Amino acid sequence: MSALLSVQDLRVRFRTMGSLKALTTGTADPFIDAVCGVSFEIRKGETLALVGESGSGKSTIARTIIGLQPAVSGSIRFDGEELIGLKAAERKSYLRRMTMMFQDPVGSLSPRLTVQSLLTEPSRIHGVSTRDRGAEAERLLRMVGLPGDFGRRYPHQLSGGQARRVGVARALALNPDLIIADEPTAGLDVSVQGEVLNLLARLQDELGIAILIITHNLNVVRHMADRMAIMYLGRIVEIGSTEGIFDYPRHPYTQALLSANPVPDPDAVLNRIEIKGEVPSMLRRPSGCEFHTRCRYAQEICSRIFPEPAANPDDVEHRFKCHFPLTCETKVALEPRPRIPDSINAVSGDGPE
Amino acid sequence: MRREDPTLPMSAHPLLEVRNLSLDFGSPRGRVRALRNVSLDVPPGQVVGIVGESGSGKSTLAYTVMGLLPENAQVTAGSIVFERRNLLTLTAQARRSLMGDRLSMIFQDPMTALNPVRTIESQMIDIQHHEYSSRSAKRSHAVDMLKRVGIPDPQSRIGNYPHQFSGGMRQRICIAMALLVRPALLIADEPTTALDATLEVQIIHLLKDLQREIGCSILFVSHHLGVVAELCDRVAVMYAGEVVEQGGARDIFHRPGHPYTRALLECDPGRIKQRTRNLPTIPGEVPSLLGTKKGCIFRPRCPHAFDRCVHETPGEYRVAADQVARCHLLDRAGMVAA
Amino acid sequence: MTSIDTIGTEATARHNPGALGAFLRQLLKNRLGMLGAVLVLVVVASAIFGPLFITHDPIRIMVGPRLAGPSADFLLGTDQLGRDTFSRTIMGGRIPLLVAFASLGSALVVGLVLGLIAGFGPGWLDSLLLLFFDTIRSFPGIIFALAIIALLGPSMSSVILVIAITSMPIYARVVRTQTQALRNSDYIDAERSMGASTMRILAVHMLPNVVGPLLILVSMDVPAVIAVEAGLGFLGMGVRPPTPDWGAILNDGYSYINQTPWLVIAGGIPIVVATLGFTFLGEALRDIFDPKLRKDL
């Protein structure tokens, strides 16, 4: 099956200081690699989640795909066409077919435009003639389950959930093939998060859109994504089907990330793998496997040699980069299970520490 | 593994006792009734969680206890008794002497809570102004505390400025500063919201350990049900300015009495293990708190609402030995009014 | 998101588009602002509709006795050349107001354009423009004014030019700062991700969001310009006689203050009224739209 979006060996660098300062301080390389050697594919109608903590480079990848950030090397192919190196005018036609939703639901809407103008903005930018802008806005509003008279409102008059729906409607305005959703549930209450995810799922089923979700929220990933990629310090450390990874994570970082997901049950027994320390700075990227400074399975080789990608024997699509991948023996039950049945009186809690 | 001791029935004197607290915000469009008839106890040595969504008033409650309210806020009724003294009637000076001594607070954004132009050292020494000890003793006390919260190489890093630390480290420093004076009550307003998941669990662990060590109480404000379940002994659920349900954490999470608590727990995607394309939600919007409201505040979104909910504001009904909820359904079920 | 936050956002959300009605309501509540608005209206209306009120030709010499006190015929008396002071005062507001609006208006337009370019353009252009702004600002204002007038001669257009050139960098810097704060906001990124052109982003999405604070700043500069223009007129560096002008009237009155106080009063009061009016109005605008905005540069 052909890929709708194919990213190969993508590398994005940020300047850390001006060239003058670099010269005076004698810094030979005033750059950091925000994204290094990232490859993945998204097929038509599929959902891929890029998962990682802040500073893992996941948002940078999204911004590079959409053209807000230049790439140093690598390739981004959309429907077979190379996007890297395109001029703004040439790129514009692809921006009809892939759209991006930004993190802040209200802040990503231009504050002085009405919802109707916001929704018809894409067709105005791309010179698509719409006979009746009001009717077009109403069609989009209905699609995302908002009343038609919302067209007259301004962004600040919307709640977070409503603004997010407007964002979804705007992303859908020109019938794209791919939506890039950067933290689609950020800043939303749990009761509203479900609404937004259900909406995205429904629209995907109806319209057959592919979705690239950028998130740190594993609960979002579990319900939305067909496949997921886990990022650490600008690299994908593990990629595969969502179920495969949740059931059987091979990379120790994935395992730690999956276990760091508190569940609303005071009696849950957590086999939590707490990783020590914090994500290292990209300025001081560790040698070898970047995770070795925090990895509890790390050995001498990990600090010297970057692990080659390997695949799961029974699922070749499930790939990871680790010298000592978790095996069935080291795999521990991540799913918290209730320790005390509900029927036992709460007062009898004994709790050995 | 993490539940420690049974939540005992109210001890004779809770450390913090909020009684029938009501608070309004003045706004150009009228009075916003941000807190209505809120009662809450924090027993000594326990972690009490306040959960709720945006606009539930959970942070307002925390800020009211700390006396950190904006000018347009006005307490219209009730009392906040801390160590048998009403914080609301205390003189400004008496109140100040409590702050940073018996009471301290950590905030959501660790950057804004630290003074950016002063070193951690000077800030941590300053905060011990209630103590009569030498500067070097205060400094070594500060270094010990930094070490305790997991700052590597505290001896040299104490001289650094806040921006030289990462977000997680800064929150650790804030915790160290808040607990340096061994307060009786620590108020934590969404302290892990700005942090990544792996750091979040580290901080929760740290808070739990330090709480046990120092023996203080924590009033922990969060929207994250999982975090609250993991850390708290008691839980108060807030909705649109009211505490709709409170009780022992285990009761609340296993046998919620209020329809809102139930709905909120059902929504939490962390609870739904089976992959689904149709997650549960709470239909409707949080009501505007402008002006006076009649009846149950959750009624417009409640699937079980009936006539009485329109006319009468529900009082507290006892659900279990140590669990109360404000819902008329509990009256119908033959519960005794608390 | 707590209710404390929500209250805060509600307060700032007043600064929004379809809120003209809300703005007027706010202004009605602000007593000083209302007073300012009334004073400004009086001054502006008398300057525009002046010819309908005046009783005598303001530049005709010897319509009455010299340096006379108020009478039924000459409401504010006459000056040393026997011209009607009331008519001169009414018409004398035209020059200061014209100077203020022309100079600040052109400074506003140029400052807006240069500020947007500096704030949104590449870094080197920003540095270059900043250098330009700072160069202008580094000249002492009065010396600069005197130099221009010495070069071009005392006339209304030189005064306008001086004020426009010296005010422009301030406006440009405010616009630049605002633009820089907004250029990385999510909604500007969102527009770029949809393929919007730079022109469209600047005109449709940037401009309406930076122009508000700028207008407040400009309205607060009007009284200063009126005072400067009057000062130049007083020093004889402004418009040439016999054109009526508040500063010139004040100068005449100063020379003959021993004979009659009426000229000083006639020249001074309108300056005070206009300055106070614009100051109150400007402060009210600032308080309503942006309580945090101070003249910070």
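Now for a quick tour of the structure.

Rules and cut-offs
- Residues numbered from 1 in each chain as written.
- Chains lettered and ligands numbered in written order.
- Predicted model: local features only at pLDDT ≥ 70, side-chain atom pairs only at ≥ 80, totals over all residues.
- Heavy atoms only, no water.
- Helix = DSSP H or I, 4+ residues; strand = E, 2+ residues; numbered from the N terminus.
- Rg over C-alpha atoms; globule rule 2.2 N^0.38 Å.
- Buried < 20%, exposed > 50% of the residue type's maximum accessible area, 1.4 Å probe, protein only.
- Contact = heavy atoms within 4.5 Å.
- Areas by Shrake-Rupley, 256 points an atom, 1.4 Å probe, with all protein chains shown as cover.
- Phe/Tyr/Trp six-rings, centres within 6.5 Å; stacked < 30°, edge-to-face > 60°.
- Lys NZ or Arg CZ within 6 Å of the ring centre and 35° of its normal.
- Buried area = accessible area lost by both parts, 1.4 Å probe.
- Salt bridge = Lys/Arg side-chain N within 4 Å of Asp/Glu carboxyl O.
- Polar contact = N/O pair within 3.5 Å; in protein donor to acceptor, adjacent residues only side chain to side chain.
- Nonpolar A, V, L, I, M, F, W, Y, C, P; charged D, E, K, R; others polar.
- Patch = residues over 30% accessible without salt bridge, like charges linked within 9 Å, V, L, I, M, F, W, Y side chains within 5 Å.
- Pairing = 2+ DSSP bridges.
- Axes fitted to C-alpha atoms, helices over the stretch in contact; angles between N-to-C directions.
- Left-handed = near helix turned anticlockwise from the far one by under 90°.

Below, the discussion takes up the overall build of chain A. Of regular secondary structure, chain A possesses eleven helices and 14 strands. Against the 2.2 N^0.38 benchmark of 20 Å for 353 residues, chain A shows a C-alpha radius of gyration of 22 Å, consistent with a compact globule. Summarising its shape, the C-alpha atoms of chain A cover approximately 65 × 65 × 45 Å along the three principal directions. By the burial criterion, 56% of the 353 residues in chain A qualify as buried. The contacts of chain A with a sequence gap of at least 6 include a subset with a gap of at least 24, amounting to 66%. Summed over all atoms, the accessible surface of chain A reaches about 14400 Å², with 51% contributed by carbon and sulfur.

A word on the packing of aromatic side chains. All told, the structure shown has eleven aromatic pairs over all chains when counted by the stated rule. Look at A:Tyr232 and A:Tyr253: their rings are 4.6 Å apart centre to centre, the planes differ by 55°, and that puts the pair in the tilted class. Separated by 21 residues along the polypeptide, A:Tyr232 in strand E9 (residues 227-232) and A:Tyr253 in helix H11 (residues 252-259) bring together distant segments of the chain. With respect to class, A:Tyr232 is no different from A:Tyr253; both count as buried. Between C:Phe139 and C:Phe144, the ring centres sit 5.5 Å apart and the planes meet at 15°, which makes this aromatic pair stacked. Aromatic rings pair up to connect A:Tyr232, A:Tyr253 and A:Phe291 into one cluster. Taking the ring centre of A:Phe306 as reference, the NZ or CZ of A:Arg235 above it sits at 4.2 Å.

Now for the interface of chain C and chain A. Taken residue by residue, the interface counts 20 residues in chain C and 24 residues in chain A. Carbon and sulfur atoms make up 58% of the surface buried where chain C meets chain A, a total of about 2000 Å² over both sides. Seen at the junction of chain C and chain A, the total is three salt bridges. For A:Arg63, the salt bridge identified is with C:Asp189, shortest N-O distance 2.7 Å. On inspection of chain C and its partner chain A, the count reaches nine residue pairs in polar contact (both at pLDDT 80 or more). Listed by contribution, the elements that provide at least two residues to the side of chain C that touches chain A are helix H10 (186-193) and helix H11 (198-234) of chain C. With seven residues, H10(C) is the largest single contributor of residues to the side of chain C that touches chain A. Here the residues of the side of chain C that touches chain A sort into eight nonpolar, seven polar and five charged.

With that settled, consider a nonpolar patch on the surface. Where nonpolar side chains cluster on the molecular surface, the patch consists of C:Ile48, C:Phe49, C:Leu52 and C:Phe53 and spans about 460 Å² of accessible area. Examined against the element boundaries, C:Phe53 turns out to sit in helix H4 (residues 50-53).

Our next topic: the environment of A:Asp182. Residue and element names in this part refer to chain A. The topology assignment puts Asp 182 in strand E7 (residues 178-182). Accessibility expressed as a relative area gives 7% for Asp 182, which makes it buried. With 120 residues separating them in the primary sequence, Asp 182 and Ala 62 have C-alpha atoms 7.6 Å apart. The contacts of Asp 182, once residues within four sequence positions are left out, are Ser 59, Met 100, Met 101, Phe 102, Gln 103, Arg 164 and Ile 214. Engagement of the side chain of Asp 182 in a polar contact is seen with the side chain of Ser 59, the distance being 3.3 Å.

Take the sheet that holds strand E6 (residues 98-101) of chain A next. Residues and elements named next belong to chain A. Strand order across the open sheet formed by eight strands is E6-E7-E8-E3-E9-E10-E13-E12, with mixed pairing between neighbours. The sheet is open, and its two borders are formed by E6 and strand E12 (310-312), each paired with just one other strand. Each strand of the sheet is rotated relative to its neighbour by a mean of 20°, with strand direction disregarded. Pairing of E12 with strand E13 (residues 315-320), which is carried by three bridges, proceeds in the antiparallel orientation. Bridge assignment links Ala 310 to a residue of E13, and that residue is Phe 320.

Interface size is commonly expressed as the accessible area that is lost once the parts come together. Between chain B and chain A, the contact holds 50 residues from the first and 52 residues from the second. Across the interface of chain B and chain A, roughly 4800 Å² is buried in total on both sides, 46% from carbon and sulfur atoms. In this assembly, chain B and chain A are joined by four salt bridges. Between B:Arg275 and A:Glu243 there is a salt bridge, and its shortest N-O distance comes to 3.8 Å. Here chain B and chain A share 18 residue pairs in polar contact (both at pLDDT 80 or more) between them. Looking at the side of chain B that touches chain A, the elements with two or more residues in it are helix H7 (167-180), helix H8 (197-214), helix H9 (225-231), helix H10 (249-254) and helix H11 (259-267) of chain B. If one sorts the elements of the side of chain B that touches chain A by residue count, H8(B) sits on top with seven residues. By residue class, the composition of the side of chain B that touches chain A is 19 nonpolar, 14 polar and 17 charged.

Another aspect to go through is the packing of helix H6 (residues 94-120) of chain C against helix H9 (residues 156-183) of chain C. One way to put it is that H6(C) packs onto H9(C) with a least axis distance of 5 Å and a crossing angle of 35°. For the pair H6(C) and H9(C), the crossing hand works out as right-handed.

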